Amino acid sequence: AGFHRRTAPNHTLLFDTPYFAVSVIADIEGAELVGALKNVVVIASGFSYGCGLGENAKAAILRQGFERNESFCQENVPDCEGRHVF
């Protein structure tokens, strides 16, 4: 996410590869919130793995956590685009 629309294409060209997709968005608040919530979901997933709950539990936490991140952002950030959650 960034403020400068003139330099955004340069960042995309610099970091975008066939193996790593980069897209630039203007929704800075949404991107920051999604980044923070993503960390919470991943920590919960790690706890489930550490407790020996298995791969299915870890996958369920990731899937549901990211789905709820999207709805949380759309409800709490007025200009949240929602497409950058996944």
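This text goes with the structure placed above it.
Treat the numbers as computed from the prediction; the structure is a model and nothing was measured. (Residues numbered from 1 in each chain as written. Predicted model: local features only at pLDDT ≥ 70, side-chain atom pairs only at ≥ 80, totals over all residues. Heavy atoms only, no water.)

Draft legend 1. Summary view of the overall build of the protein chain. Tallying secondary structure elements over the protein chain gives three helices and zero strands in all. Beginning at the N terminus, the succession of helices and strands in the protein chain can be written as α-α-α. Within the span of the protein chain, comprising 86 residues, buried residues form 22% of the whole. Within the protein chain, counting contacts between residues at least 6 apart in sequence, those at least 24 apart form 53% of the total. Of the roughly 6,500 Å² of accessible surface on the protein chain, 59% is carried by carbon and sulfur atoms. (Helix = DSSP H or I, 4+ residues; strand = E, 2+ residues; numbered from the N terminus. Buried < 20%, exposed > 50% of the residue type's maximum accessible area, 1.4 Å probe, protein only. Contact = heavy atoms within 4.5 Å. Areas by Shrake-Rupley, 256 points an atom, 1.4 Å probe, with all protein chains shown as cover.)

Draft legend 2. Broad picture of the side chain of serine 45. Note on placement: serine 45 falls in helix H2 (residues 28–50). Judged by relative accessible area, which is 5%, serine 45 ranks as buried.

Draft legend 3. Structural detail: the packing of H2 against helix H3 (residues 55–76). It is the contact of H2 with H3, at a shortest axis distance of 9 Å, that shows an interaxial angle of 160 degrees. If you check the angle between H2 and H3, you find them roughly antiparallel. Note on packing geometry: the crossing formed by H2 with H3 is right-handed. Residues Leu33, Val34, Leu37, Lys38, Val41, Ala44, Ser45, Ser48 and Tyr49 of H2 form the contact with H3, whose own contacting residues are Glu55, Ala57, Lys58, Ile61, Leu62, Gly65, Phe66, Asn69, Phe72 and Cys73. (Axes fitted to C-alpha atoms, helices over the stretch in contact; angles between N-to-C directions. Parallel < 35°, antiparallel > 145°, perpendicular 65-115°, else oblique. Left-handed = near helix turned anticlockwise from the far one by under 90°.)

Draft legend 4. Main features of H2. Across its 23 residues, H2 extends 33 Å between first and last C-alpha, which sits within 8% of the 33 Å expected from 1.5 Å per residue. Glycine 52 sits one or two residues past H2 and shows a positive phi near 80 degrees. (Expected span 1.5 Å × (residues − 1).)

Draft legend 5. Quick peek at H3. If you check H3, its first and last C-alpha atoms are 31 Å apart, about what 22 residues at 1.5 Å a residue would give, namely 32 Å. Contacts made by the buried residues of H3 are with H2.

Draft legend 6. The pattern of salt bridges, seen in detail. Within this structure, the stated rule accounts for two salt bridges. Of the charged contacts, one joins glutamate 55 and lysine 58 as a salt bridge, the two residues approaching to 3.2 Å between their closest N and O atoms. Within this pair, glutamate 55 and its partner lysine 58 are both found in helix H3, separated by three residues, close to a single helical turn. A residue is classified by how much of its surface remains accessible, and glutamate 55, at 47% relative accessible area, is partly exposed. Among the ionic pairs, arginine 63 bridges to glutamate 67, the shortest N-O distance being 3.3 Å. A residue pair is termed a helical-turn pair when its members lie 3 or 4 positions apart in one helix, as arginine 63 and glutamate 67 do in helix H3 at four residues. Judged by relative accessible area, glutamate 67 falls into the partly exposed class, the value being 41%. (Salt bridge = Lys/Arg side-chain N within 4 Å of Asp/Glu carboxyl O.)

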